[in-house]
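Per-entry structural report
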Amino acid sequence: MALILIAGCKGVVQEQNKEIAATKEFPISKTDAEWRAQLTDMEYYVLRKAATENAFTSELLDIKEKGTYVCAACATPLFRSEHKFDSGTGWPSFDREIENSVGYDVDYKIGYARTEEHCATCGGHLGHVFNDGPRNTTGKRHCINGAALNFIPDSQ
């Protein structure tokens, strides 16, 4: 079962998703060169090329303090710590997003339809949403790349 969950988050870059911002307009729009200059290699690969970081590599997995997870590209608040849970998949997981902060598309990167999630402000690829989250809350699992997020503690 864990292998299926991990495979559900892991994808490869697909030709049609290589330039997210090229097909849609977002409030924050930059050239590819501007994104490359601003983001680390991994952030660029994930956020702008719709890639997936390796499981269990994100420093954000073990954060337990209260705060907000924001887009690493534009600092839009996306998720609150009280909605984070340990899904066992190796990626930060949340049962809900901050209202109006994300957008959704469908991708077929691994041969079947999945709900892709992106930042509503800059279009950066965040991850995918699945219907296997906590049943006592929303039932959703927002499986998010840690490289797509920064954490801001409430104490700041």
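Report follows, based on the coordinates. (Residues numbered from 1 in each chain as written. Predicted model: local features only at pLDDT ≥ 70, side-chain atom pairs only at ≥ 80, totals over all residues. Heavy atoms only, no water.)

1. Digging into the sheet that holds strand β2 (residues 77-80)
To keep it simple, the criterion reads: Strand pairing follows a simple DSSP-based rule, namely that at least 2 bridges must link the two strands. Only DSSP runs of H or I with at least four residues qualify as helices, and only runs of E with at least two residues qualify as strands; both kinds are numbered from the N terminus onward. Axis definition: a line fitted to C-alpha atoms, limited for helices to the stretch in contact. Angles are taken between N-to-C directions and run from 0 to 180 degrees.
Strand order in this open sheet of 3 strands is β2-β1-β9, and the pairing throughout is antiparallel. Among the strands making up the open sheet, the edge pair consists of β2 and β9 (149-153). Taking the axes of each pair of neighbouring strands and ignoring which way they run, one obtains an average angle of 30° across the sheet. Here 3 bridges tie strand β1 (residues 67-71) to β2, and the two strands are oriented antiparallel to one another.

2. Some words on the environment of D95
Applicable threshold: Whether a residue is buried, partly exposed or exposed follows from its accessible area with a 1.4 Å probe, protein chains only, as a fraction of its type maximum: under 20%, in between, or over 50%, in that order. Contacts: residue pairs with any heavy atoms within 4.5 Å of one another. Polar contacts, as used here, are pairs of N or O atoms within 3.5 Å; protein pairs need one atom able to donate a hydrogen and one able to accept it. Residues neighboring in sequence count only if both atoms are side-chain atoms.
Within the secondary structure, D95 sits in the loop between β4 (93-94) and β5 (102-107). Judged by relative accessible area, which is 5%, D95 ranks as buried. Note: C-alpha distance between D95 and T137 (42 residues apart in sequence) is 7.2 Å. Once you skip the residues sitting within four places of it in the chain, D95 turns out to touch H83, F85, P134, T137, T138, K140 and H142. Among the polar contacts made by the side chain of D95, one reaches the side chain of R96 at a distance of 3.0 Å.

3. Side note on the sheet that holds strand β7 (residues 125-130)
Reading across from one edge, β3-β4-β8-β7-β6-β5 is the order of the 6 strands in this open sheet, with antiparallel pairing throughout. Both outer strands of the open sheet, β3 (84-85) and β5, are each paired with one neighbouring strand and no more. Where β3 meets β4, 2 bridges bridge the pair, whose relative direction is antiparallel. Note that in β4 the partner of F85 across the bridge is S93.

4. Structural notes on the packing of aromatic side chains
For the record, the criterion: Ring pairs shown here join Phe, Tyr and Trp side chains whose ring centres sit within 6.5 Å, with only the six-membered ring taken for Trp; geometry is labelled stacked below 30 degrees between planes, edge-to-face above 60, and tilted in between. A ring has a charge above it when a Lys NZ or an Arg CZ is no more than 6 Å from the ring centre and no more than 35 degrees off the ring normal.
A full pass over the atoms with the stated rule returns 3 aromatic pairs. Judged by centre distance (5.0 Å) and plane angle (65°), the ring pair of Y69 and F94 falls under edge-to-face. Taken together, the positions of Y69 in strand β1 and F94 in strand β4 put the pair 25 residues apart, joining distant regions of the chain. Of the two residues examined, Y69 and F94, each falls in the buried class. Stacked on the ring of W35, the Lys or Arg K30 has its end atom at 5.0 Å from the ring centre.

Nothing here speaks to function; it is geometry throughout.
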